[in-house]
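# Secondary and tertiary structure notes
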Amino acid sequence: MAPYCCVLLLLVVVVTVAPGEHTLQEMSSTLLLNQLAMANVLAERDSGTRVIRKWMDEQQVNITSEIAAILENDRVVFQDAVKEIIKKEVEVLMEVVSSSASVVSLPQPGHNIRGHQSGNTTFQRDRPADCLGYRRLGFNASGVYDIYPISCCQPVSIWCDMVTSGGGWTVALSRGPQLVPENFARLWDDYKSGFGNPNREYWIGNEVLHHMTMTIPTAVRVDVENFSGKRKFGEWGRFSVANESQQYKLAVENYWDVSTLGDDLKRNNGATFTTLDRDNDDNSGNCAEQRTGGGWWFTSCSDCTPTAVMANTNHYLNSSIWSYWQKDVSGLTSLRWLQLKIRPEDSQGPVRKCSVE
């Protein structure tokens, strides 16, 4: 019986041990499979990360390329805009050069209108004191001319309008769109002597206006344009500016009925000149300060403000305006271009020449 018992015990042991070994194998297999699965997950994660990184790199390259293209396009647009501005400036300059050349080349024999020969008083007296003098001598091209309203030895460079209403107009104030606008917020002495560029924007000077308007009857014309491109004009038969001791008091009358602008200058008649540092108006404050700094013949801050900042705005106190854009109908209009010009009332009378004093 003993051998059989041993065999039976062995079988029992084998039988009892075999299931344990099988469980360990399964656990080992499961663990291995889990490890492989985890490795695959990690591999897929790394692969996904690489894909995402690659995608992000591609997007960065694309965005960088798009930004570069936008910047390049903006650069080209900017260059084109600058080229167009330069082109217009060159055209203006060429027109001025052409006009200046005509002034030099067209004088009558024996005359050099723009030149100066000291000691030759006969020659000096031939120098025109205004643009009408040039027009009467045969100059018909608008442009920059030297006039001699104060002295034959003291030229004043201004713009002559040789076309409008028979020509011969001396432009005293010129305003318009500019790449760099002229600063009209200036003090008394600047408005006294004049400032700016006759090819662009300028003020002729109150002293010049006094000398040009006090000796002979003078007419004044104002040509304006609003921001819609509509142009109008007004003319007055009498215009004169007193001397500095009278604060350059203005006289302006005889509004011409065929004018298309309303009579904004009516309230300026009898007004004295006001600047940032000389308050001569009737207002409780300084009208120059209240109207962006420009000097003018303000009364109670005036109906028109030709020397104010030019801006297309409904805030009319902050821009150059004309109150009576429609005749006899008050309606403020912002201005984008303006010329105030003077001429002897008798445009067919004797040529006004300079003084040798």
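Residues numbered from 1 in each chain as written. Predicted model: local features only at pLDDT ≥ 70, side-chain atom pairs only at ≥ 80, totals over all residues. Heavy atoms only, no water.

A separate point is the overall build of the chain. Summing up its helical and strand segments, the chain has 6 helices and 10 strands in all. Expressed as a percentage of the 357 residues in the chain, the buried residues total 39%. In the chain, once contacts between residues fewer than 6 apart in sequence are set aside, the share between residues at least 24 apart is 57%. Taken as a whole, the chain presents about 19,700 Å² of accessible surface, with 57% of it coming from carbon and sulfur. (Helix = DSSP H or I, 4+ residues; strand = E, 2+ residues; numbered from the N terminus. Buried < 20%, exposed > 50% of the residue type's maximum accessible area, 1.4 Å probe, protein only. Contact = heavy atoms within 4.5 Å. Areas by Shrake-Rupley, 256 points an atom, 1.4 Å probe, with all protein chains shown as cover.)

Let us look at the nonpolar core. By size, the foremost hydrophobic cluster in this structure holds 51 residues, and its most contacted members are Trp203, Ile204, Leu209, Phe239 and Trp297. The residues contacting Leu209, other than those within four sequence positions of it, are Ala172, Trp203, Ile204, Phe239, Val241, Trp297 and Ile342. (Core = buried A, V, L, I, M, F, W, Y, C linked by side-chain atoms within 4.5 Å.)

The next subject is unusual backbone geometry. The backbone phi angle of Asn254 is positive, close to 60°, even though this residue is not glycine. Inspection of the secondary structure assignment puts Asn254 in strand β8 (residues 250-255). Unlike most non-glycine residues, Thr292 shows phi in positive territory, near 65°. Along the chain, the position of Thr292 falls in the loop between α6 (287-290) and β9 (321-322). Its relative accessible area of 27% is what places Thr292 among the partly exposed residues.

This paragraph deals with the pattern of salt bridges. A complete count under the given rule lists 12 salt bridges for this structure. Close ionic contact of Lys341 with Asp223 constitutes a salt bridge, the shortest N to O distance being 3.0 Å. Remark: Asp223 occurs in strand β6 (residues 218-226) and Lys341 occurs in strand β10 (residues 333-344); sequence separation between them is 118 residues. Between Asp303 and Arg267 there is a salt bridge, with its nearest N and O atoms 2.7 Å apart. (Salt bridge = Lys/Arg side-chain N within 4 Å of Asp/Glu carboxyl O.)

On to a nonpolar patch on the surface. Nonpolar side chains collect at one region of the surface, where Leu32, Leu33 and Leu36 lie side by side and expose about 290 Å² of accessible area between them. Positionally, Leu32 belongs in helix α1 (residues 2-105). Using a relative accessible area of 46% as the deciding quantity, one classes Leu32 as partly exposed. (Patch = residues over 30% accessible without salt bridge, like charges linked within 9 Å, V, L, I, M, F, W, Y side chains within 5 Å.)

What the rule picks out here adds up to 3 disulfides. Through a disulfide, Cys152 is tied to Cys354; the S-S separation comes to 1.8 Å. Looking down the S-S bond of the Cys152 and Cys354 bridge, the torsion is 90°, so its handedness is right-handed. With Cys152 in the loop between β1 (143-151) and β2 (154-161) and Cys354 in the segment after β10, this residue pair connects regions lying 202 residues apart in the sequence. The exposure classification of Cys152 matches that of Cys354, with both residues buried. In the chain, numbering the disulfide-bonded cysteines from first to last in sequence yields the connectivity 1-3, 2-6, 4-5. Here Cys153 stays free of any disulfide, with the sulfur of Cys152 as its closest cysteine sulfur at 6.5 Å. (Disulfide = S-S within 2.5 Å.)

On average, residues of the chain score 80 in pLDDT, and 68% of them reach the 70 mark or higher. Note that pLDDT drops below 50 for residues 96-123; the model gives that stretch 46 contacts with residues more than four away or on any other chain. (pLDDT = per-residue confidence, 0-100.)

Our focus in this paragraph is the environment of Gly293. Its place among the elements puts Gly293 in the loop between α6 and β9. Other than its neighbours up to four places away in sequence, Gly293 contacts Phe184, Ala185, Arg186, Leu276 and Ala288.

Of all 8 residues in helix α5 (residues 206-213), 6 are buried; the element is thus mostly enclosed. Among the residues of α5, those classed as buried are Asn206, Val208, Leu209, His210, Met212 and Thr213.

A separate point is the packing of aromatic side chains. Within this structure, the stated rule accounts for 16 aromatic pairs. If you follow Arg175 out to its NZ or CZ, it ends over the ring of Phe184, 4.2 Å from the centre. Looking at Arg278, its charged tip hangs above the ring of Trp188, at a distance of 4.6 Å from the centre. (Phe/Tyr/Trp six-rings, centres within 6.5 Å; stacked < 30°, edge-to-face > 60°. Lys NZ or Arg CZ within 6 Å of the ring centre and 35° of its normal.)

This paragraph deals with the environment of Gly331. Along the chain, the position of Gly331 falls in the loop between β9 and β10. On the basis of relative accessibility, which here comes to 30%, the residue Gly331 falls in the partly exposed class. In this structure the C-alpha to C-alpha distance between Gly331 and Ile321, which are 10 residues apart in sequence, comes to 9.8 Å. Excluding anything up to four places from it in sequence, Gly331 contacts Trp322, Ser323 and Trp325.

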